[in-house]
Amino acid sequence: MLNNYMGILNLNENETNIISLTKSRPLAAIPIAARYRVIDFVLSNMVNSGLRNVGVFTQSKSRSLVDHLGSGKPWDLDRRLNGLFVFNFGFASVSLNDVEMLWNNMEYLYRSKEKNVILSPSYMIANIDYIKAVTYHEENNQDITVIYKNIDSGTNDFLNCDVLNIDENNNLLSVGKNMCSSNSLNISMEMFIMKKDLLISLINNCIQTGSYSTIKDAIYKNFNGLKVKAYEFKGYLQCINSISSYYKTNMDMLNLKTTKQLFFSNGPIYTKIKDEPPTKYSNKSKVNNSIIGDGCIIEGLVENSIISRGVIVQRGAEITNSIILQNCQIKENSKLSNVIIDKNVIIDKDKQLNGAAEFPLVIEKRALF
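Residues numbered from 1 in each chain as written. Predicted model: local features only at pLDDT ≥ 70, side-chain atom pairs only at ≥ 80, totals over all residues. Heavy atoms only, no water.

Enquirer: What's the story with the overall build of the protein chain in this structure? I'm lost.
Expert: Counting secondary structure elements, the protein chain contains nine helices and 28 strands. Its C-alpha atoms give the protein chain principal-axis dimensions of about 65 × 50 × 35 Å. Pairs at least 24 residues apart make up 60% of the contacts formed inside the protein chain by residues separated by at least 6 positions. Roughly 16,400 Å² of accessible area belongs to the protein chain as shown, and the carbon and sulfur atoms make up 46% of that amount. (Helix = DSSP H or I, 4+ residues; strand = E, 2+ residues; numbered from the N terminus. Contact = heavy atoms within 4.5 Å. Areas by Shrake-Rupley, 256 points an atom, 1.4 Å probe, with all protein chains shown as cover.)

Enquirer: Would you explain the pairing of strand β6 (residues 116–120) in this entry?
Expert: For a regular strand, side-chain orientation follows a simple rule: the groups alternate between the two sheet faces. Counted residue by residue, β6 has five buried out of five residues, so it is predominantly covered. Residue alternation in β6 divides its side chains into two sets, N116, I118 and S120 and V117 and L119, and both sets are buried. With five bridges connecting them, strand β1 (residues 5–10) and β6 associate as parallel partners. Its bridge partner being in β6, Y5 is matched across the sheet by N116. (Buried < 20%, exposed > 50% of the residue type's maximum accessible area, 1.4 Å probe, protein only. Pairing = 2+ DSSP bridges.)

Enquirer: Please explain the sheet that holds strand β23 (residues 329–330) as it appears in this structure.
Expert: Paired through backbone hydrogen bonds, the strands of a sheet run either parallel or antiparallel to each other. If you walk across this open sheet you meet the five strands as β14-β17-β20-β23-β26, and the pairing is parallel. For this open sheet the edge positions go to β14 (280–281) and β26 (346–347), each flanked by a neighbour on one side alone. Here strand β17 (residues 297–298) pairs with strand β20 (residues 312–313) via two bridges, running parallel. Residue pairing for β20: I297 is matched across the bridge by I312.

Enquirer: Honestly, the sheet that holds strand β21 (residues 318–320) in this entry has me stumped. Any pointers?
Expert: Read across the sheet, five strands follow the order β15-β18-β21-β24-β27 without closing on themselves; strand pairing throughout is parallel. Looking at the sheet topology across the chains shown, the edges are occupied by β15 (286–288) and β27 (352–354). Strand-to-strand twist in this sheet, taken as the mean axis angle between neighbours without regard to direction, amounts to 5°. Relative to β21, strand β18 (residues 301–303) runs parallel, the two sharing three bridges. Across the sheet, residue L301 finds its bridge partner in β21, namely E318. (Axes fitted to C-alpha atoms, helices over the stretch in contact; angles between N-to-C directions.)

Enquirer: In this structure, what is going on with unusual backbone geometry? I would like to understand it.
Expert: Residues apart from glycine generally show negative phi values, whereas peptide bonds are mostly found in trans. Although it is not a glycine, N160 adopts a positive phi angle of roughly 70°. Among the secondary structure elements, N160 is positioned in the loop between β8 (144–151) and β9 (162–166). At N289, a position not held by glycine, the phi torsion is positive, near 50°. Residue classification places N289 among the partly exposed positions, given a relative accessible area of 40%.

Enquirer: Can you help me understand the packing of aromatic side chains in this one?
Expert: For any two aromatic rings, the description comes down to two numbers: the centre-to-centre distance and the angle of the planes. Across all of its chains, the model carries nine aromatic pairs by this definition. A centroid spacing of 5.0 Å and a plane angle of 50° characterise the contact between Y36 and F263, whose relative ring orientation is tilted. Linking Y36 in strand β3 (residues 36–37) with F263 in helix α9 (residues 256–264), this pair joins segments that are 227 residues apart in sequence. In this structure F263 comes out as buried when scored by relative accessible area, which is 7%. Put simply, the rings of F57, F85, F87 and Y108 touch in pairs and so form one group of aromatic residues. R35 extends its terminal NZ or CZ atom over the ring of Y36, reaching a point 5.0 Å from the ring centre. (Phe/Tyr/Trp six-rings, centres within 6.5 Å; stacked < 30°, edge-to-face > 60°. Lys NZ or Arg CZ within 6 Å of the ring centre and 35° of its normal.)

Enquirer: What should I look at first to understand α9 in this one?
Expert: Since the α-helix advances by 3.6 residues per turn, residues separated by three or four positions end up pointing in the same direction. Buried residues of α9: T258, T259, L262 and F263, and no others. All buried residues of α9 project into a common sector of 105° when viewed along the axis, lining one side. Those residues of α9 that are exposed and angled more than 90 degrees off the buried face are L256, K257, K260 and F264. Summarising the contacts, the buried residues of α9 are in contact with β3, α1 (39–48), β7 (124–125) and α8 (243–252). At the N-terminal boundary of α9, the capping side chain belongs to N255, with an oxygen 2.9 Å from the backbone nitrogen of K257. (Arc of directions from axis to C-beta. Polar contact = N/O pair within 3.5 Å; in protein donor to acceptor, adjacent residues only side chain to side chain.)

So this is what it looks like as structure tokens:
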């Protein structure tokens, strides 16, 4: 167990290509897999690896995230000592970067008793055992270890993610961007392991010189003076940085093998508990290869889809290859295919909405069709 490590979740993430789902919430708070949020995966990974001091640094639009995290009880972080700390910059400048966010709360780092840090974003969806990564980091006596996954796909997966160029000994040589032009890439998971004093030094240097606005840039562009190695993660990974990657990640969870690996391989994924009744299915309902949350009423057809809590699907409605978020109503005889519907949307009867697997149609929160 990593008793001498603390976790920092840096939620200063690029939301440019997923803005239709982040207008009223941070990326970390986007619902996923019918009952979870994006942040649940990395937070559960840290807790399962023994971290008991986790700081979450977020900016504006954080009401839903703060409500979801609460006191940290679902992750066993509601503690008298240490626990979950949420730093919300809802009234700060929209241009505030992660270096400034951390620098404004250096007291948190100074007062924490742990000597080491695991720094991570939320949008890397995986079930990772940080103990193995830390063991590798300590055995190699590195200043910084960055976690990556090798992919052999030339598709649009991980588009615009950081790519690590490493030698045969996993030493970091340079960092680029994924343009989906190569069939073998080392995708950075933007997870860094280092001593807390080194992180503090990097933050102070960035503020003093103004050289870098993000921690990862300070590492990537200044690692010649540091011993930096890369640790390979070999499990399931997706980066939710666009609508298409969000859609694909949810659809992947309909595969039982993927679901078992993602939710149970290195410990369970925890989330906020909501005491809702079981879903009610009518005699004429038909559900095939789908994930259905609690508190739903299903009277129509649901196939290859993710249905979140409290959704009502009326008679004659057909939902295929789609993602329906909380408290939506799909009225009689409506037909939905390859769509993402945000929370509290009402689709009127006899409507037909169609997207494509590569470009799903997105209906924003509280819309009325």
